[in-house]
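Geometric and topological summary
Next come the chains, spelled out residue by residue.
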Amino acid sequence: MAEASNTYRDGPDDMGHFGLFGGRYVAETLMPLILEVERAYDDACADPSYAKELDSFRTTYAGRPSPLYFAERLTEHFGGAKIYFKRDELNHTGSHKINNCLGQILLAKRMGKTRIIAETGAGQHGVATATVCARFGLECVVYMGAKDIERQKPNVFRMNLLGADVRAVEKGSATLKEAMNEALRDWVANVDDTYYLIGTAAGPHPYPTIVRDFQSIIGEEVREQMEAAEGRLPDTLVACIGGGSNAIGLFHPFLDDSDVRLIGVEAAGKGIDTTEHAASISGGNPGVLHGNRTYLLQEDGGQIRDAHSISAGLDYPGIGPEHAWLHMQGRVDYVSATDQEALAAFQLCSKLEGIIPALEPSHALSYVGKIAPELSADHLIVMNLCGRGDKDVFTVADALGTEVGAES
Amino acid sequence: MSASVTESRLTRRFEKLKEKNRAALVTFITANDPDPKLFRQLLEGLPTAGADIIELGMPFSDPMADGPSVQLSSQRALLAGVSIDDVLGAVADMREWEMDTPVILMGYYNPIYRYGPAEFSEAAANAGVDGVIIVDLPPEEAEELNHHLRANNLHMIFLAAPTTDETRLPRVLDHASGFVYYVAVKGVTGTKSADISEVSARVAAMRKQTDLPLGVGFGIRTAAQAAEMAQFADAVVIGSAIVDIITDGIDGDRRPQPGLAARVLDFVKDLANGVQTARLGGAENASTGAGA
Ligand SMILES: Cc1ncc(COP(=O)(O)O)c(C=O)c1O
């Protein structure tokens, strides 16, 4: 692929493979459905009216473009590289997830589907899905792990307000992995009217590609905005990784700019050397789950391990297949940040920039804090501030040993 | 690419049953569910109870195509402890005394991928396994395992689903080996009830496109339903209904109640009776058999 054509941007191949990774590892019942999604997406891409409608919703409904913001006080604080935030937390619904949901809901509508299902971890994708379903008048069912329902209560309430049916999944670790299993089972049982709106750049082909394409607006805007702000490309891009959608959206437009360093930050939970983390590249190996081959946390016998992260949106034992491939190619560096490091960055950002970030990008910020001091003042870092922290206040209060509503 | 496995325990069994003008009863249980001891008792009793083909589930942590019954049984087996080598060991032991009943393994790809497709295929053949069904390996992704299976004279059995349309079916049939497994419901295992007339129409349509035996599974729970399917299908697969008896027959620590193995095997006898008598008396219209 890349070797032959000198680009990192032309994957996947016709079968949905990024080198060893990706593919379509699904039960036969679902094969015709994902082939139908692929055809419908190809059709939509060839139809200018589809792009036009999406563009209009991005601008007038989601609020794009999101600003590129110079984080002056954090730059001063770290005393090195110049730090910019891509402010995707300012999008309608509070994260980058809406970028993908708008694209996919317009696709589902074209396909004549009337019922939408989704999985969610942090609840951000669930909220974004419930939002577009409300807007387009479609039935919405969101599968969410019982543990995540507990720690992301504000988002559960929002989904209910938006008219979604939030179904608790009690099995296993009761987090994102089980929610995705349950969504796939629902889809197998409701093939005629249902569209599965996957929330991250993972799952069977064509989902990793579709989600990447819809999220690439992030990186495309950064290119233009950095050109306007500094007259050149950034030097380093940093994004957190759950399934990898915000990261691939930021990275993809820059993959062939070899001078731009790309860093994905996985969740190290209680530490990469413990069994309680969610860093599938740093701590896992290749395997097959949820329709694709990728890096997974697993036992020697191939049973999937439960992930752990303080951040529900990163608490997943896999990663999108394009990231697995970019790791193999050495094009993107994958590092990790622990729960504690993310919590510290969460507080620092709140106090110094007046922005309460989600716990997910707090992982990315923690890593920015590690490299920025070592870099020169003309080194430009862009971090994807892909979500806001309102949903996390209960979790953070708990971790800090206080309570929401307690006097401080 | 056509299947290269032409002669096996599985093809012989289907030929024999065709001579007798009856369908095969395929029983599914999960290896080591709820513990190795009961599992081995069941394995030992299944051939005499009337199972013509034994299907063994290889448990996986994330059985995405399975409903609650098989999910629970996989979880129990994983708690009891079960590796691929344990499953193959049980089959190898069975082959000491039972040479004619085919054994097929059903599972998900990741444990096999970790084991190594070549190593797995060789070890399975050595143990006396006859074929595999890998739920999440559609024809598009199957070759990486299938060429090792073929090299070891093992069948890779593919599923055809209600959603498998006319353009796609030839692709599935082209890869199929041993028999074609028609998924009788749009859904995961053990949740919906199969619609006989729909299924028989699909099976009749597939007959025109393949000489392979046609099995039907998912959503068949009773001896009466099995008998109805057995009038036109070459094999009838029962899984969740068997597994549910185990679920109902154990305590909170997964300990089987006395007599549980006998209860499971009695149910299999019922099913076998239904399947074996399905085409007797007034049902001649339905029974043309495979490739007829
Ligand atoms: C704010 C935020 N960031 C990141 C993620 C992780 O997903 P991804 O890696 O697909 O961007 C989530 C997922 O819920 C999220 O809510």
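Note that the structure is a prediction, hence the values are computed from the model and not measured.

Comments concerning helix α14 (residues 321–329) of chain A
If you check which residues of α14(A) are buried, you get A:P321, A:E322, A:H323, A:A324, A:W325 and A:L326. Residue A:G330 follows α14(A) closely and has a positive phi angle near 75°.

Let's talk about the sheet that holds strand β12 (residues 291–296) of chain A
Residues and elements named next belong to chain A. Strands sit in the order β1-β2-β12-β11 across an open sheet of 4 strands; the sheet is antiparallel. Edge positions in the sheet fall to β1 (17–18) and β11 (285–289), since each of these pairs with one other strand and no more. Summarising the sheet, β1 and strand β2 (residues 21–25) pair through 2 bridges and their orientation is antiparallel. Across the sheet, residue H17 finds its bridge partner in β2, namely G22. Against the sheet, α14 engages β1, β2 and β12, with an angle of about 45° to β12.

Structural notes on the interface of chain B and chain A
Contact with chain B, which involves 36 residues of that partner, is made by 38 residues of chain A. For the pair chain B and chain A, the summed buried surface comes to about 2900 Å²; carbon and sulfur atoms form 50% of the total. In terms of surface lost to chain A, no three residues of chain B exceed B:M64, B:R114 and B:E141, which account for 21% of the buried area on that side. Summed over the shared surface of chain B and chain A, the result is 4 salt bridges. In this structure, the connection of chain B to chain A is made through 22 residue pairs in polar contact (both at pLDDT 80 or more). A total of 5 residues in the side of chain B that touches chain A trace back to one element, the largest contributor, which is helix α5 (residues 109–115) of chain B. The class makeup of the residues in the side of chain B that touches chain A is 19 nonpolar, 6 polar and 11 charged.

Comments concerning helix α11 (residues 240–248) of chain B
Residue and element names in this part refer to chain B. Most of α11 is tucked away, with 7 of its 9 residues classed as buried. By the burial criterion, the buried members of α11 are S240, A241, I242, V243, D244, I245 and I246. Buried residues in α11 make contact with β1 (24–30), α2 (36–49), α3 (68–80), β9 (235–238) and α12 (260–277).

As for the pairing of strand β10 (residues 261–269) of chain A
All names here are of chain A. Across the 9 residues of β10, 8 count as buried, placing the element largely inside the fold. Crossover handedness for the path strand β9 (residues 236–240) to helix α12 (residues 245–251) to β10: right-handed. Alignment of β10 against strand β13 (residues 333–338), held across 6 bridges, turns out to be parallel. If you follow E266 over to β13, its bridge partner there is S336.

Some remarks on the environment of A:A372
Counting through the fold element by element, A:A372 comes out in the loop between α16 (359–371) and β14 (380–384). When the C-alpha atoms of A:A372 and A:I83 are compared, they prove to be 7.9 Å apart, with 289 residues separating the residues in sequence.

Topic: the pairing of strand β7 (residues 180–183) of chain B
Residue and element names in this part refer to chain B. Residues V180 and Y182 point to one face of β7 and Y181 and V183 to the other, with burial holding for every one of them. Pairing between strand β6 (residues 159–160) and β7: 2 bridges, direction parallel. Paired with L159 across the two strands is Y181, which belongs to β7. A crossover links β6 with its parallel partner β7, the connecting element being helix α8 (residues 169–175), and its sense is right-handed. On the question of chirality, the crossover connecting β7 to the parallel strand β8 (residues 214–217) by way of helix α9 (residues 196–207) is right-handed.

Quick look at the confidence of the model for chain B
Residue and element names in this part refer to chain B. Across chain B, pLDDT averages 94, with 95% of residues at or above 70. Low pLDDT, under 50, characterises residues 283–292; the stretch is placed with 16 contacts to residues that sit more than four places away or in other chains. Here the predicted complex carries an ipTM of 0.95, next to a pTM of 0.95.

Details of the nonpolar core
Judged by nonpolar contacts, the single largest core of 169 residues is most densely connected at A:L107, B:L105 and B:F120. For this core, the leading source of residues is α12(B), giving 9 residues. Counting contributing residues, this core receives three or more from each of domain 1 (16–59 + 97–211) and domain 2 (63–94 + 217–400) of chain A. Contacts of B:L105, omitting those with residues within four sequence positions, involve B:L56, B:M58, B:V87, B:L88, B:F120, B:V129, B:G131, B:V132 and B:I133.

Some remarks on empty space enclosed by the protein
Empty space among the atoms becomes visible once a probe the size of a water molecule is rolled across them. Residue and element names in this part refer to chain A. Tallied over the entire structure, the rule returns 6 cavities of 30 Å³ or more. Roughly 310 Å³ of volume is contained in the largest cavity. Along the walls of the largest cavity sit 30 residues, with H96, K97, G313, L314 and E360 positioned nearest its centre. Of all elements in the fold, only β5 (115–120), α6 (124–136), α9 (176–189), α12 and α16 reach the threshold of two or more residues within the lining of the largest cavity. Its residues assigned to classes, the lining of the largest cavity comprises 10 nonpolar, 16 polar and 4 charged.

Observations concerning the site of the ligand
All names here are of chain A. Within the structure, the ligand sits among 18 residues, and T200, G242, G244, S245 and N246 are positioned closest to it. A distance of 2.7 Å separates an oxygen atom of the ligand from a polar atom in the backbone of G242. Within the side chain of S245, one N or O atom sits 2.6 Å away from an oxygen atom of the ligand. Coverage of the ligand by the protein amounts to 97% of the 390 Å² it exposes when considered alone. In a pocket analysis with a 2 Å cut-off to the grid points, the ligand is assigned to the largest cavity. Grouping the amino acids of the shell around the ligand by side-chain chemistry returns 6 nonpolar, 10 polar and 2 charged. When residues are assigned to domains, the shell around the ligand turns out to be shared by domain 1 (16–59 + 97–211) and domain 2 (63–94 + 217–400), each giving three or more.

With respect to a nonpolar patch on the surface
Together, A:F157, A:L161 and A:L162 line one region of the surface with nonpolar side chains, adding up to about 330 Å² of accessible area. Tracing the backbone shows A:L162 in the loop between α8 (153–161) and β7 (165–169).

Quick word on the pattern of salt bridges
Any two side chains of opposite charge can pair, on the condition that their charged atoms come close. Residue and element names in this part refer to chain A. Across all of its chains, the model carries 49 salt bridges over all chains by this definition. The salt bridge partner of E89 is R87, with a shortest N-O separation of 2.7 Å. As far as the burial class goes, E89 and R87 line up, both buried. Residue K270 is joined to E276 by a salt bridge in which the shortest nitrogen-to-oxygen separation is 3.1 Å. Among the ionic contacts, a cluster of salt bridges with common partners joins R115, E139, D165, R167 and D186.

Observations concerning the domain arrangement of chain A
All names here are of chain A. Taken domain by domain, chain A comprises domain 1 (16–59 + 97–211) and domain 2 (63–94 + 217–400). Relative to domain 2, the C-alpha centre of domain 1 lies at a distance of 22 Å. Counting residues at the interface gives 43 residues for domain 1 and 47 residues for domain 2. Counting each side, the surface lost to burial between domain 1 and domain 2 is near 3500 Å², with a carbon and sulfur contribution of 59%. Among the residues domain 1 hides against domain 2, the three largest losses belong to F21, R151 and K177. Together they make up 20% of the total. Counting across the domain 1 and domain 2 interface gives 2 salt bridges. For the pair domain 1 and domain 2, the interface holds 19 residue pairs in polar contact (both at pLDDT 80 or more). Listing elements by their share of the side of domain 1 that touches domain 2, those giving two or more residues are β2, α3 (48–62), α5 (97–110), α6, α7 (146–151), α8, α9 and α10 (207–215).

The rules we used
Residues numbered from 1 in each chain as written. Chains lettered and ligands numbered in written order. Predicted model: local features only at pLDDT ≥ 70, side-chain atom pairs only at ≥ 80, totals over all residues. Heavy atoms only, no water. Buried < 20%, exposed > 50% of the residue type's maximum accessible area, 1.4 Å probe, protein only. Helix = DSSP H or I, 4+ residues; strand = E, 2+ residues; numbered from the N terminus. Pairing = 2+ DSSP bridges. Contact = heavy atoms within 4.5 Å. Axes fitted to C-alpha atoms, helices over the stretch in contact; angles between N-to-C directions. Buried area = accessible area lost by both parts, 1.4 Å probe. Salt bridge = Lys/Arg side-chain N within 4 Å of Asp/Glu carboxyl O. Polar contact = N/O pair within 3.5 Å; in protein donor to acceptor, adjacent residues only side chain to side chain. Nonpolar A, V, L, I, M, F, W, Y, C, P; charged D, E, K, R; others polar. Right-handed = clockwise from strand over helix to strand, strands pointing away. pLDDT = per-residue confidence, 0-100. Core = buried A, V, L, I, M, F, W, Y, C linked by side-chain atoms within 4.5 Å. Domains from an automatic or database assignment. 1 Å grid on protein atoms, 1.4 Å probe; cavity = no way out; pocket = protein on both sides within 12 Å on 5 of 7 lines; lining within 4 Å. Points joined across faces, edges and corners; volume = space filled by probe spheres on them. Near = heavy atom within 4 Å. Areas by Shrake-Rupley, 256 points an atom, 1.4 Å probe, with all protein chains shown as cover. Sits in = over half its atoms within 2 Å of the grid points. Patch = residues over 30% accessible without salt bridge, like charges linked within 9 Å, V, L, I, M, F, W, Y side chains within 5 Å.

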